[in-house]
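Below, each chain spelled out in residue letters.
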Amino acid sequence: ACATLEVSTRLSPPCCDAFVAAGAAGKILHLIKTCNRSMPHIELLRNALLILNNVTRKAHLVGVTGPVGGADPTSAVETLVDLVQNFRDK
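The notes below deal with the structure included here. This is a predicted model, so every value here is computed, not measured.

1. Quick look at the state of the cysteines
Applying the stated criterion to the full structure yields 0 disulfides. Unpaired in this structure, Cys15 has its nearest cysteine sulfur neighbour in Cys16, at a distance of 6.0 Å. Between Cys35, a free cysteine, and Cys2, which holds the nearest cysteine sulfur, the sulfur-to-sulfur gap is 8.2 Å. On the accessibility criterion, Cys35 (13% relative accessible area) is buried.

Rendered as structure tokens:
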């Protein structure tokens, strides 16, 4: 599902709009928090980060929704910093 969402958000601006309107960035950030360092989870993390990247690249969404597609900025930063710390040895 994440791979499909990644392609959709990369190729379809209306999909990015729907993603933000649904508040899905918070769900993606929660998914990121639950992943570990196993190979299947690394692939899932890759897709989740690409989804967030795709949504934040849409200029008209960034000003309206904050830094990560409508998610709470503080929570988003904490999640991403935790992710970096978890993978600093890899």
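2. A short note on the environment of Asn47
You can see Asn47 is positioned in helix α4 (residues 39-56). Look at Asn47 and you get buried, because its relative accessible area is 8%. With 46 residues separating them in the primary sequence, Asn47 and Ala1 have C-alpha atoms 9.6 Å apart. Each residue touching Asn47, except ones within four places of it in the same chain, is listed here: Cys2, Ala3 and Glu6. At 3.5 Å, the side chain of Asn47 and the side chain of Arg46 are in polar contact.

3. Quick look at the packing of helix α3 (residues 24-34) against α4
For any two helices packed against each other, the geometry is given by the interaxial angle and the distance between the axes. Two numbers describe how α3 lies on α4: the axes approach to 10 Å, and their chain directions differ by 155°. Between α3 and α4, the interaxial angle falls into the category roughly antiparallel. The interaxial crossing formed by α3 with α4 has left-handed handedness. For the pair α3 and α4, contact is made by Ala25, Ile28, Leu29, Leu31, Ile32 and Thr34 and by His41, Leu44, Leu45, Ala48, Leu49, Ile51 and Leu52, respectively. Counted by class, the contact of α3 with α4 contains 11 nonpolar, 2 polar and no charged residues.

4. Comments concerning the nonpolar core
Phe19, Ile28, Ile32 and Leu52 are the most contacted members of the largest nonpolar core, which totals 17 residues. Among the secondary structure elements, those contributing two or more residues to this core are α2 (13-21), α3, α4 and α6 (73-86).

5. With respect to the packing of α3 against α6
Here α3 crosses α6 at 30°, and the two axes come no closer than 10 Å. In terms of axis orientation, α3 runs roughly parallel to α6. Handedness of the α3/α6 crossing: left-handed. On α6, the residues touching Leu29, Ile32 and Lys33 of α3 are Ser75, Ala76, Thr79 and Leu83. Per-class residue counts for the contact of α3 with α6 are 4 nonpolar, 2 polar and 1 charged.

Cut-offs used in this document
Residues numbered from 1 in each chain as written. Predicted model: local features only at pLDDT ≥ 70, side-chain atom pairs only at ≥ 80, totals over all residues. Heavy atoms only, no water. Disulfide = S-S within 2.5 Å. Buried < 20%, exposed > 50% of the residue type's maximum accessible area, 1.4 Å probe, protein only. Helix = DSSP H or I, 4+ residues; strand = E, 2+ residues; numbered from the N terminus. Contact = heavy atoms within 4.5 Å. Polar contact = N/O pair within 3.5 Å; in protein donor to acceptor, adjacent residues only side chain to side chain. Axes fitted to C-alpha atoms, helices over the stretch in contact; angles between N-to-C directions. Parallel < 35°, antiparallel > 145°, perpendicular 65-115°, else oblique. Left-handed = near helix turned anticlockwise from the far one by under 90°. Nonpolar A, V, L, I, M, F, W, Y, C, P; charged D, E, K, R; others polar. Core = buried A, V, L, I, M, F, W, Y, C linked by side-chain atoms within 4.5 Å.

Coordinates in, geometry out; function isn't part of it.
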